Amino acid sequence: GAGVSQTPSNKVTEKGKYVELRCDPISGHTALYWYRQSLGQGPEFLIYFQGTGAADDSGLPNDRFFAVRPEGSVSTLKIQRTERGDSAVYLCASSSSITDTQYFGPGTRLTVL
Amino acid sequence: AQTVTQSQPEMSVQEAETVTLSCTYDTSESNYYLFWYKQPPSRQMILVIRQEAYKQQNATENRFSVNFQKAAKSFSLKISDSQLGDTAMYFCAFIANAGGTSYGKLTFGQGTILTVHP
């Protein structure tokens with residue numbers, strides 16, 4: 001596709017539930033990134049992939065958060081036992097290499113009730 | 001650790017006028033890149049301009065230009081001939097190389113809300 005796409009655009013869930021957020025990067029981009037943006041704040045890094053492997057997952061807040069990219073293209077961010085504090089916009093970005101500009105998707109707004 | 005500071009939470013400007021958004025950063029790295037991103041209410045983060053630290057010449061992109069002062073660790077964005085469509089949150093961001101392991105982490109400032117008035 002022409003840009004990074006993310007689904008769903010909005011997700012409302014209940015505390016304790018499991019959610020999956022999907023990111024489809026720009027075709028041919030080998031690097032993929034996840035960020036979390038709280039209201040009125042700048043995005044914060046969560047994890048990035050180079051190909052299929054997680055090159056740096058130091059931003060994941062705890063072990064309830066996990067991300068995969070099994071075929072080196074689409075990535076899924078998985079959150080177990082959601083908490084109200086997980087409510088945020090989750091942004092995905094991709095780039096042709098780790099030194100190139102990151103292009104962002106429209107984000108998924110997650111609301112945990 | 002790298003930090004990015006945007007000291008102006010909100011700015012406003014009249015259409016067709018010029019406005020400058022401030023950004024300072026802190027790093028011990030010598031090889032890095034700086035960016036300005038724009039985020040309108042649609043949430044889409046859009047690249048405005050990019051600057052490589054090793055380049056002395058300030059980057060320009062149509063109505064957008066930067067004033068990069070490496071010694072002062074300052075990276076301001078100037079928007080000329082402001083348009084209503086420039087209304088958005090603007091983020092300054094930084095990415096550095098520390099032995100090849102820090103690339104990938106964009107560090108963002110807190111953002112500046114810019115409103116362009118007709």
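Residues numbered from 1 in each chain as written. Chains lettered and ligands numbered in written order. Predicted model: local features only at pLDDT ≥ 70, side-chain atom pairs only at ≥ 80, totals over all residues. Heavy atoms only, no water.

A. Local environment of the overall build of chain A. When helices and strands are counted, chain A shows zero helices and 11 strands. Starting at the N terminus and walking to the C terminus, you meet the elements of chain A as β-β-β-β-β-β-β-β-β-β-β. Relative to a compact globule of 113 residues, whose C-alpha radius of gyration would be 13 Å, chain A shows 13 Å and is just as compact. Scored against the burial criterion, the 113 residues of chain A give a buried share of 46%. Looking at chain A, you have 11 positive and 11 negative side-chain charges, and the mean spots of the two groups are 8 Å apart. (Helix = DSSP H or I, 4+ residues; strand = E, 2+ residues; numbered from the N terminus. Rg over C-alpha atoms; globule rule 2.2 N^0.38 Å. Buried < 20%, exposed > 50% of the residue type's maximum accessible area, 1.4 Å probe, protein only. Lys, Arg positive; Asp, Glu negative; His and termini not counted. Charge placed at Lys NZ, Arg CZ, Asp CG, Glu CD.)

B. Examining the nonpolar core more closely. All names here are of chain B. With 26 residues, the main nonpolar core has Y25, Y32, W36, F75, L77 and Y90 as its most contacted residues. Where this core is concerned, the elements lending two or more residues are strand 3 (19-21), strand 5 (32-39), strand 6 (46-52), strand 8 (64-69), strand 9 (74-79), strand 10 (88-96) and strand 12 (112-117). Sorting elements by how many residues they give to this core places strand 10 first, with five residues. Beyond its immediate stretch of four places on either side in the chain, Y90 contacts Q6, L21, W36, Y37, K38, V48, F64, L77, I79, G111, T112 and L114. (Core = buried A, V, L, I, M, F, W, Y, C linked by side-chain atoms within 4.5 Å. Contact = heavy atoms within 4.5 Å.)

C. Inspection of the pattern of salt bridges at higher detail. All names here are of chain A. This structure, assessed with the given rule, holds eight salt bridges over all chains. The residue D86 makes a salt bridge to R64 at a minimum N-O spacing of 2.8 Å. Within this pair, whereas D86 is found in the loop between strand 8 (75-79) and strand 9 (88-95), its partner R64 is found in the loop between strand 6 (53-56) and strand 7 (65-68), the two being separated by 22 residues in sequence. Taking the relative accessible area as the measure of exposure, D86 reaches 3% and is therefore buried. (Salt bridge = Lys/Arg side-chain N within 4 Å of Asp/Glu carboxyl O.)

D. Fine view of the sheet that holds strand 3 (residues 19-24) of chain A. All names here are of chain A. Reading across the sheet, the four strands line up as 1-3-8-7 and stay open at both edges, with antiparallel pairing between neighbours. The sheet is open, and its two edges are formed by strand 1 (5-7) and strand 7, each paired on a single side. Averaged over all adjacent pairs, the angle separating strand axes in this sheet is 15°, with direction ignored. By the bridge criterion, three bridges tie strand 1 to strand 3 in an arrangement that is antiparallel. Residue T7 lies in a different strand from strand 3, and its bridge partner there is R22. (Pairing = 2+ DSSP bridges. Axes fitted to C-alpha atoms, helices over the stretch in contact; angles between N-to-C directions.)

E. Fine view of the pairing of strand 5 (residues 44-50) of chain A. Residues and elements named next belong to chain A. Among the seven residues of strand 5, five are classified as buried, and the element is accordingly described as predominantly covered. Where strand 4 (residues 31-37) hands over to strand 5, the hairpin turn is made up of six residues, of which G40 adopts a positive phi near 75°. Both strand 5 and strand 6 contribute to a ladder of three bridges, which runs antiparallel. Bridging across to strand 6, Y48 finds its partner in D56.

F. Fine view of the interface of chain A and chain B. Contacts between chain A and chain B engage 26 residues on the former and 21 residues on the latter. Interface of chain A and chain B: buried area, both sides summed, is about 1,800 Å²; carbon and sulfur atoms make up 51% of it. Ranking the residues of chain A by area buried against chain B places T99(A), T101(A) and F104(A) at the top, with a combined share of 27%. Taken together, chain A and chain B are joined by one salt bridge. Put simply, K105(B) and D56(A) hold a salt bridge, and the shortest N to O gap is 3.5 Å. Our count for the chain A to chain B interface comes out at 10 residue pairs in polar contact (both at pLDDT 80 or more). Among the elements that make up the side of chain A that touches chain B, the one with the highest residue count is strand 4 of chain A (three residues). (Buried area = accessible area lost by both parts, 1.4 Å probe. Polar contact = N/O pair within 3.5 Å; in protein donor to acceptor, adjacent residues only side chain to side chain.)

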